[in-house]
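What the coordinates show
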Amino acid sequence: MKNFEGIARKLENAVTVRAEDEASEDDKNAYTKQFKYSICEHCNGSRINERARSVQVNGVSFDELCRMELSDVYAFLEPIKDELASTIISKAQFVLEQLIEIGVGYLSLERPVGSLSGGESQRVKMAKQLDCNLVDMLYVLDEPSTGLHPKDTEKLLALLYRLKDKGNSVFVVEHDPEIIRAAEWIIDIGPKAGKFGGEVVYNGPTAGIAQTESITGKYLYGQQKTVFQRKKAAAFFEITNANANNLKNVSVNIPKGVLTCVTGVSGSGKSSLIHDCFAKEHPEAIVIDQSAVGKTSRANPATYLGVFDNIRKEFASATNTAASLFSFNSAGACHKCNGQGMVSMELSFLDAVKTLCDECEGKRYHAEVLEYKFQGKNIAEVLDMSVAQALEFFRSEKINKHLRLLQAVGLDYLKLGQSLSTLSGGESQRLKIATELQKESNIYIMDEPTTGLHVSDIEHFFKIIKKLVDGNNTSSSSNQPRHHQTRRLDH
C-alpha cells in the first residue's frame, strides 16, 4: 500500500516560500494558474494581525505607516524624539534619505519587491550599499542604468561617486553614453561581438577613446550618427479614462502605423498605461517585455527560436530515420551525460563541478547519431555553425527565414547550439525580439527593448522596427488587409 500526495496538498506546498524557491519557473506558473487571489478580509491586505494594528504612534498604526510613501514616512519619523527609539530612528532616516535622494521616495513600504520596475530595483539595491561603512571595497555593477530615465542617471552617477569617494573601487559594465562619459577610466572590449571580439580596444582615461578606432568612441563623441526619418500618423488607438496604479482618469490617443515612444521618469506610470490598460484592450498585441529567456544548459538559439525542429526534419529526411534521433533531449542523447555535454560531479560541502563529457566530448550525441550526415555534416557540426554559416549551408526557406531574424538583430555570430546560459543580457534581449517578430500581429508592445544593447546595436534594432512600421504600406503575400504596425518603446 502506498500513500500519494493529494492535489490540494501538492498545490498548497507549491506556493510556500521554500517550494517557490526550489521549483522551476514552468512549475511555478503551472501552480499559480490554479489559484485565485483576493484581498484578505481580516487585515485588508496589510498582512499585519489585529493586535499589531491596534498599536499607534502619534495616531498612526503600523499598517497605515506601511501604506505611506517613503517621503511621508521620513516626515512621520522626524518629530519623534524618544531616547529609546533614537538609534532605530536615525538608522531608518538614513536609509530613507538615500532612497528619496535617488528618486524612489514615491514607493511605499508595503510595495512588493516583485512589482518594482528594473530601474526601481536597481536603485533600491544600490541605496542599501550606501549604509555600509567599509572602505577599500570593490563594487561591480552590471548595467546599473537599466530602466532609468536620463534624469535619474544623474542621481545614479552621484551615488557611484559617493561610493568611490569613500575609498572604494567602482567597476561598471555599461552601455549608457552618459555613464561612460562620466567614468574616469574606460576599458573598451571589442572590436565587435562574438568571435570578432575578445580584445582590449582601449584602456585608459575617458577622453583618450576619441582618438582610437573604437566603435564605442565614435558613437560616444558624435563621429557616428543615426539619421531618423519620421512619418505622420493617419489613425489612432484611443485610451479613455484609464485608472491603474498611479494613473488617474488618463485619456490619450496612440497613433497607428508609426513608432511611438512612451517615456517618462521611473515610476511615472508608463507600464501601467501600456501593459495594464492598452494591452488588456488589445489581446492580439505581441508583448516583448524584460523577462529573462529560459537560460538552461539544454536550451540554445536554435531551440529557442523554434528552428531546430526543421533542422532535425532535414536530417531525418536525408538519412531516412526518425527526427527524434537528432534530438539531444531524446533518442540521440549521449548515454553518459544524457545530452548535456557536461558531467556534474557532486562534492561534499562544495559546489558541484562540471567537466566535459569524455564519451561524447561535449557534442551531446552518442556515436551512432554522428554517423548520419546531411550535406556532408553531422548534427553536432551543424549546431557548431554560426548563424551566418548556417544561412549559407541550408537551402530550406523554413529554416532560413528564422535564421535571417537572428541576422537582422545582429546575432549572426552566435552558434546554433550555443547554450543560452552563456549569452549576455543584450544578446538574450535580441534573441527574444527575434523570436517575437516572427509572429504576425498589427500591434507590438516592447518594454525597454534596448536593454543591454550597445549604441551601435540599436541601429540593427531600429532597422527591424522601421521595416515593420513601413509594412502598413505593403500588402502581404497572402493578399490580406494591410497591417498597421504600431510599436511601443518604453524607456
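Sequence order sets the numbering: in each chain, residues are counted from 1 along the sequence as written. In view of the model being predicted, local features appear only for residues whose pLDDT reaches at least 70, and side-chain atom pairs are presented and counted only at 80 or more, with totals across whole chains, interfaces and linings using the full set of residues. Remark: hydrogens and water are excluded; side-chain values derive from all non-hydrogen atoms of the structure.

Below, the discussion takes up a nonpolar patch on the surface. Note that patches include only residues with greater than 30% relative accessible area and no salt bridge, and the join distances are 9 Å for like charges and 5 Å for nonpolar side chains (Val, Leu, Ile, Met, Phe, Trp, Tyr). The accessible surface values rely on the Shrake-Rupley method and a 1.4 Å probe; as for residues, cover is taken only from the protein chains in view. The rule for a salt bridge is simple: a side-chain nitrogen of Lys or Arg has to be within 4 Å of a carboxyl oxygen of Asp or Glu. A cluster of nonpolar side chains, namely Trp185, Ile187, Ile189 and Val200, defines an oily patch on the protein surface of about 460 Å² accessible area. To qualify as a helix, a DSSP run of H or I must reach at least 4 residues; to qualify as a strand, a run of E must reach at least 2; elements of each kind are numbered from the N terminus. Mapped onto the elements of the fold, Ile187 is located in strand β5 (residues 186–190).

Attention now goes to the environment of Arg430. Looking at the secondary structure, you find Arg430 in helix α19 (residues 425–437). Contacts between residues were defined by any pair of non-hydrogen atoms, one from each residue, lying within 4.5 Å. Apart from the residues within four sequence positions on either side, Arg430 is in contact with Val409, Gly410, Leu411, Tyr413, Leu453 and Asp457. Under the rule applied, a polar contact is a pair of N or O atoms within 3.5 Å (in protein, one hydrogen donor and one hydrogen acceptor; residues adjacent in sequence only if both atoms are side-chain atoms). A distance of 3.4 Å separates a polar atom in the side chain of Arg430 from the backbone oxygen of Gly410.

Below, the discussion takes up the pattern of salt bridges. Taken as a whole and assessed by the stated rule, the structure comprises nine salt bridges. For the salt bridge of Asp63 with Arg67, the shortest nitrogen-to-oxygen distance reads 3.6 Å. Placement of the pair is Asp63 and Arg67 together in helix α5 (residues 62–67), with a separation of four residues, close to one helical turn. As a salt-bridge pair, Lys415 and Asp384 come within 3.1 Å of each other at their nearest N and O atoms. Of the two residues, Lys415 is situated in the loop between α18 (397–408) and α19 and Asp384 in the loop between α16 (379–383) and α17 (387–393); the sequence distance between them amounts to 31 residues. Only protein chains enter the accessibility calculation, which uses a 1.4 Å probe; a residue whose area is less than 20% of its type maximum is buried, one above 50% is exposed, and one in between is partly exposed. The class for Asp384 is partly exposed, based on a relative accessible area of 44%. Within the structure, one salt-bridge network assembled from shared partners comprises Lys164, Asp165 and Glu184.

Residue-level pLDDT values for the protein chain average 80, and 86% of them are 70 or greater. Summarising per-element confidence for the protein chain, the mean pLDDT is lowest in strand β14 (residues 486–490) (35) and highest in α16 (94). Confidence of the predictor in every single residue is expressed as pLDDT, which spans 0 to 100. This stretch, residues 473–491, has a pLDDT under 50; its non-local contacts, to residues over four places away or in other chains, come to 71 contacts.

Locating Pro301 in the fold gives a position in helix α13 (residues 301–305). Take Pro301: its relative accessible area is 1%, and that puts it in the buried class. Put simply, Pro301 and Gly417 are 116 residues apart on the chain and 6.6 Å apart in space, counted from C-alpha to C-alpha.

This part takes up the packing of aromatic side chains. Aromatic pairs are defined between Phe, Tyr and Trp rings, using the six-membered ring for Trp, whenever the two ring centres lie within 6.5 Å; interplanar angles under 30 degrees are classed as stacked, those over 60 as edge-to-face, and all others as tilted. Enumeration over the complete set of coordinates arrives at nine aromatic pairs. With a centroid separation of 5.8 Å and 80° between ring planes, the pair formed by Phe374 and Phe393 is classed as edge-to-face. A residue pair is termed long-range when its members are at least 10 positions apart, and Phe374 in the loop between α15 (367–370) and α16 and Phe393 in helix α17 qualify at 19 residues. Like Phe374, the residue Phe393 is buried in the burial classification. Taken together, Phe315, Phe326, Tyr372, Phe374, Phe393 and Phe394 form an aromatic cluster joined through their ring pairs. In this arrangement the basic side chain of Arg364 is found over the ring face of Phe328, its NZ or CZ atom lying 4.5 Å from the centre. Cation placement over rings: the criterion is NZ of Lys or CZ of Arg within 6 Å of the ring centroid and within 35° of the ring normal.

A separate point is the packing of helix α14 (residues 308–319) against α18. The contact between α14 and α18 brings their axes to 9 Å, and the two run at 150°. Classed by the angle they form, the pair α14 and α18 counts as roughly antiparallel. The two elements α14 and α18 cross, and the hand of that crossing is left-handed. Across from Asn310, Ile311 and Glu314 in α14, the residues of α18 making contact are Lys398, Ile399 and His402. Here an angle of 0 to 180 degrees is reported between the N-to-C directions of two axes, which are lines fitted to C-alpha atoms, with helices fitted over the stretch in contact. The labels follow the angle: roughly parallel below 35 degrees, roughly antiparallel above 145, roughly perpendicular from 65 to 115, and oblique for the rest. By convention, the crossing between two helices is left-handed when the near helix turns anticlockwise from the far helix through less than a right angle, and right-handed when the turn is clockwise.

With that out of the way, let us pick up the nonpolar core. The definition of a nonpolar core used throughout is a set of buried Ala, Val, Leu, Ile, Met, Phe, Trp, Tyr and Cys residues joined through side-chain atoms within 4.5 Å. Counting 51 residues, the largest nonpolar core has Ile311, Ile379, Phe394 and Leu416 as the members making the most contacts within it. If one sorts the elements of this core by residue count, helix α20 (residues 455–470) sits on top with five residues. Non-local contacts of Leu416, meaning those with residues more than four positions away in its chain, are made with Asn300, Pro301, Ala302, Ile311, Val382, Leu383, Met385, Val387, Ala390 and Leu403. Formed by 26 residues, the second largest nonpolar core is a distinct cluster that contains Val60, Tyr74, Leu77 and Leu156.

Right, let's talk about the packing of helix α6 (residues 70–77) against helix α7 (residues 86–101) for a bit. Running from N to C, α6 and α7 cross one another at 150°; their axes reach a closest spacing of 10 Å. Comparing the axis directions of α6 and α7 gives the class roughly antiparallel. Between α6 and α7 the crossing geometry is left-handed. Of α7, the residues touching α6 (which contributes Leu70, Ser71, Val73, Tyr74 and Leu77) are Ile89, Ala92, Gln93, Leu96, Glu97, Leu99 and Ile100.

What follows concerns unusual backbone geometry. Of all residues except glycine, most have a negative phi; of all peptide bonds, most are trans. Each neighbour pair has its own omega, and for Gly190 with Pro191 the value is 5°, a cis peptide bond. Along the chain, Pro191 falls in the loop between β5 and β6 (199–204). Of note, Asn249 is a non-glycine position whose phi angle comes to about 50°, a positive value. Relative to the assigned elements, Asn249 resides in the loop between β7 (236–242) and β8 (250–255).

Attention now goes to α20. With 16 residues, α20 ought to run about 22 Å at 1.5 Å a step, and its terminal C-alpha atoms sit 23 Å apart, in line with that. Listing the buried residues of α20 in full gives Ser456, Asp457, Phe461, Phe462, Ile464, Ile465, Leu468 and Val469. Expected helix span is taken as 1.5 Å per residue step, with the number of steps being one fewer than the number of residues.

With respect to the element layout, His402 can be found in helix α18. The class of His402 is buried, set by a relative accessible area of 9%. Once residues within four sequence positions are removed from consideration, His402 is found in contact with Leu305, Val307, Asn310 and Gln438.

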